[in-house]
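Letter by letter, the chains look like this.
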Amino acid sequence: IMRPEKIHESVAAEEAAAAAAVVPSFFKCPISLELMRDPVVLCTGQSYERSSIEPWLEAGNHTCPATMQMLASLELVPNHTLRRLIQNWCEAHGGGGLSGGLVRLLPTPSVPVAADTVARMLREVQSSVDPLPSLKNIRSVARESERNRKCIQESDAVSVLASVIGGALELRRKYSMPVEEEQERKKKKQQRVSFSLEACEEALAILALLEVGANRQQLLTQSSVATLAWFLCKGSLDARVNAATVLAGIASETESSQSSSSIGAMPGVLEALAKLLREEFYPKAIRAGLKALLTICIPRRNRIRVVEVGVVPLLIELLPDAKRSNVELALGVLELLCTTAEGRAAVANHALAMAALVHHLHTVSNLATELSVAILWSVCKASPACLVAALQSGAFAALLLLLQLDCSQRTRLKARELLKTLRSPWMETLCGVSSQLETITAL
């Protein structure tokens, strides 16, 4: 057993090392304020972390974030001198072996993938008997940076990956065969299967990393959509998450409402998305399920189906402990469902609904506030019983406070209407409390 003195000495040494390892300001990225690992320099002479400045430029900004000067060129030049200085500083402050890992050596930045390299890997996927190794290479490259993902997408990767997904039709049938077709299954097992289940899951994982909305037509073939639905219902957890992400991307555009309707009508899809919402220890699965539901609920007929599979209680129970982004998504789905009588009834019948909605009037974000007001407005207008529950949860005071804050005109109007609706039961409550006080005083 280590003596207390030794423990104190060790802690003091680590504290001293941490104090000495304060990162110099000129080693930090002006955007992320973190130690740069792959510094690049703009034409203005200002250096940034590559992973921070690339999204800024890709968003259409043509100014230097630090100086706000217009950029004559968008070229990013690696700052090798600054990187060597940072590397030397890291080595001087413990490298990767310092106790507790206070300072780690910089990894060598990966070189952006070339278009011809991506094209070669895609050709290997199409021509190889076993495309799995090539698919794994593509996925590894896609994970490295946003630039690599953009290059892969521009190389017509979506159509190649869609062919892999669509080519799994026979494999999907094989895994779904009943027992009485065992003889036929054995015959098919002897034939060469070009796309294994693992290869299809790998292609699905790559598609989940890409922006498929712009190329959704290539994934809207009957075989591809059916296979995505199969993975969503019967695949591994990661495959189900990836399938939900891809399906959400397919249905993300407004002109895709017909595809959203057809996807929502496929057997088992909505139940599988509801199942993702139950993965409380895997926030990524919850987020993927919420995103898919938000797009699938655009057609009105799908909203009733979603209510019928029991999604409303799951959404309400997510609200207290979910992350901010998931809270906003859950409230967005709830708002869509509350445009139907079935959705409003499901919210009204949940004991925690009013308390959860009132709680999020001020605690998450402006978007969550506006969505919560819209849901409360829809439900309270349709169900007088919810008025009492909303009052008991503190809705009156929360709405009064909201009117004093900055919010959209639409939200302000709904908040005023809610206050007018809540005024009568609130006054009755006050009168009841006043009568009780008078009785107690008389005693």
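Structural data are supplied above this passage.
I will try to describe carefully the structure that is included in this document. The structure displayed is predicted, hence computed values, not measured ones.

Let's talk about the overall build of the protein
Helix and strand counts for the protein stand at 24 helices and three strands. Residues counted as buried form 43% of the 443 residues belonging to the protein. When the accessible surface of the protein is summed, it comes to about 23,600 Å², and 54% of that surface belongs to carbon and sulfur atoms.

Notes on helix 7 (residues 157–166)
With respect to burial, helix 7 is a largely interior element, eight of its ten residues being buried. Within the sequence span of helix 7, burial applies to Ala157, Val158, Val160, Leu161, Ala162, Val164, Ile165 and Gly166.

A word on the packing of helix 14 (residues 269–276) against helix 15 (residues 283–296)
Their axes nearest at 8 Å, the elements helix 14 and helix 15 cross at an angle of 140°. You can see that helix 14 and helix 15 cross each other, and the crossing is left-handed. Listed contacts from helix 15 to Val269, Leu270, Leu273 and Leu276 of helix 14 are Ala285, Ile286, Gly289, Ala292, Leu293 and Ile296. In terms of residue class, the contact of helix 14 with helix 15 is built from nine nonpolar, one polar and no charged.

A word on the nonpolar core
Ranked by internal contacts, the top residues of the largest apolar core, which has 105 residues, are Leu232, Leu273, Leu277, Leu315, Val347, Met354 and Leu399. For Met354, the contacting residues outside a window of four places in its chain are Val347, Leu376, Val379, Cys380, Cys386, Ala389, Ala390 and Ser393. Grouped together as the second largest cluster of nonpolar side chains are 16 residues, Leu35, Met36, Val40 and Leu57 included.

Notes on the pattern of salt bridges
Summed over all chains, the structure comprises eight salt bridges. Where Arg120 meets Glu124, a salt bridge forms, and the shortest distance between an N and an O atom there is 3.2 Å. Of this pair, Arg120 and Glu124 both sit in helix 4 (residues 115–127), separated by four residues, roughly a single helical turn. With a relative accessible area of 38%, Arg120 lands in the partly exposed category. For Glu124, a relative accessible area of 30% gives the class partly exposed. Measuring nitrogen to oxygen at the nearest pair gives 3.7 Å for the salt bridge that ties Lys136 to Glu198. Taken together, the residues Lys136 in helix 5 (residues 132–144) and Glu198 in helix 10 (residues 197–209) connect sequence positions 62 residues apart.

Things to note about the environment of Val373
Relative to the helices and strands, Val373 resides in helix 21 (residues 366–382). Accessibility expressed as a relative area gives 1% for Val373, which makes it buried. When the C-alpha atoms of Val373 and Thr411 are compared, they prove to be 6.7 Å apart, with 38 residues separating the residues in sequence. What Val373 contacts, discounting residues up to four positions off in sequence, is Leu361, Leu399, Leu402, Thr411, Lys414, Ala415 and Leu418.

Considering the packing of aromatic side chains
A full pass over the atoms with the stated rule returns three aromatic pairs. Centre to centre, the rings of Phe27 and Trp89 are 6.2 Å apart; their planes meet at 70°, and the pair counts as edge-to-face. In this pair, Phe27 sits in the loop between helix 1 (4–20) and strand 1 (39–41) while Trp89 sits in helix 3 (residues 80–92), placing the two residues 62 residues apart along the sequence. Assessed through its relative accessible area of 5%, Phe27 is described here as buried. For Trp89, a relative accessible area of 11% translates into the label buried. Aromatic side chains Trp230 and Phe231 sit 5.1 Å apart centroid to centroid with 80° between the ring planes, which places their arrangement in the edge-to-face category.

Some thoughts on the sheet that holds strand 3 (residues 77–78)
Hydrogen bonding along the main chain pairs the strands of a sheet, whether they run parallel or antiparallel. Strand order in this open sheet of three strands is 2-1-3, and the pairing throughout is antiparallel. Only two strands of the sheet have a single neighbouring strand rather than two, namely strand 2 (47–49) and strand 3. The strands touched by helix 2 (residues 50–58) are strand 1, strand 2 and strand 3; relative to strand 2, the strand with the most contacts, the crossing angle is about 95°.

Things to note about unusual backbone geometry
Look at Leu33: it is not a glycine, yet its phi comes out positive at around 60°. Of note in the backbone geometry, Asp156 takes a positive phi value of approximately 65° without being a glycine. Looking at the secondary structure, you find Asp156 in the loop between helix 6 (146–154) and helix 7.

Quick notes on the state of the cysteines
This model, assessed by the stated rule, comprises zero disulfides. Lacking any disulfide linkage, Cys386 is separated from the closest cysteine sulfur, that of Cys380, by 5.8 Å.

Regarding the side chain of Ser365
Mapped onto the elements, Ser365 comes out in the loop between helix 20 (353–359) and helix 21. The class for Ser365 is buried, based on a relative accessible area of 10%. Only 2.5 Å separates the side chain of Ser365 from the side chain of Glu328, close enough to count as a polar contact. Leave out the neighbours within four places in its chain, and Ser365 touches Arg324 and Glu328.

Parameters at a glance
- Throughout this document, residue positions are counted from 1 along each chain, in the order its sequence is written.
- A pLDDT threshold of at least 70 governs which residues receive local features in this predicted model, and a stricter bar of 80 or more applies before side-chain atom pairs are shown or counted, although totals over entire chains, interfaces and linings include all residues.
- The side-chain values count all of the structure's non-hydrogen atoms but skip hydrogen atoms and water molecules.
- Helix and strand labels come from DSSP, where a helix needs a run of H or I of at least four residues and a strand needs a run of E of at least two; each type is numbered from the N terminus.
- Burial classes: relative accessible area under 20% of the type maximum marks a residue as buried, over 50% as exposed, and values in between as partly exposed (1.4 Å probe, protein chains only).
- Each accessible area value is a Shrake-Rupley result obtained with a 1.4 Å probe; residue values ignore everything except the protein chains displayed when judging cover.
- Fitted lines through C-alpha atoms give the axes, limited to the stretch in contact for helices. The angle between two N-to-C directions lies from 0 to 180 degrees.
- Handedness of a crossing is defined here by the sense of rotation of the near helix relative to the far one, left-handed for an anticlockwise turn of less than a right angle and right-handed for a clockwise turn.
- Contacts are assigned to residue pairs that have any heavy atoms within 4.5 Å of one another.
- In this classification, Asp, Glu, Lys and Arg are treated as charged, Ala, Val, Leu, Ile, Met, Phe, Trp, Tyr, Cys and Pro as nonpolar, and every other residue, Gly included, as polar.
- Here, the term nonpolar core denotes a set of buried Ala, Val, Leu, Ile, Met, Phe, Trp, Tyr and Cys residues that are joined through side-chain atoms within 4.5 Å.
- Note on definitions: salt bridges are taken to be side-chain nitrogens of Lys or Arg within 4 Å of carboxyl oxygens of Asp or Glu.
- Between the rings of Phe, Tyr and Trp (Trp by its six-membered ring), a pair exists once the centres lie within 6.5 Å; its type follows the angle of the planes, with under 30 degrees stacked, over 60 edge-to-face, and the other angles tilted.
- In this description, strands pair whenever DSSP reports at least two bridges between them.
- When two cysteine sulfur atoms lie within 2.5 Å, the pair is treated as a disulfide.
- Any pair of N or O atoms that falls within 3.5 Å is considered a polar contact. Within protein, one atom must be able to donate a hydrogen and the other to accept it, and sequence-neighbouring residues count only if both atoms are side-chain atoms.

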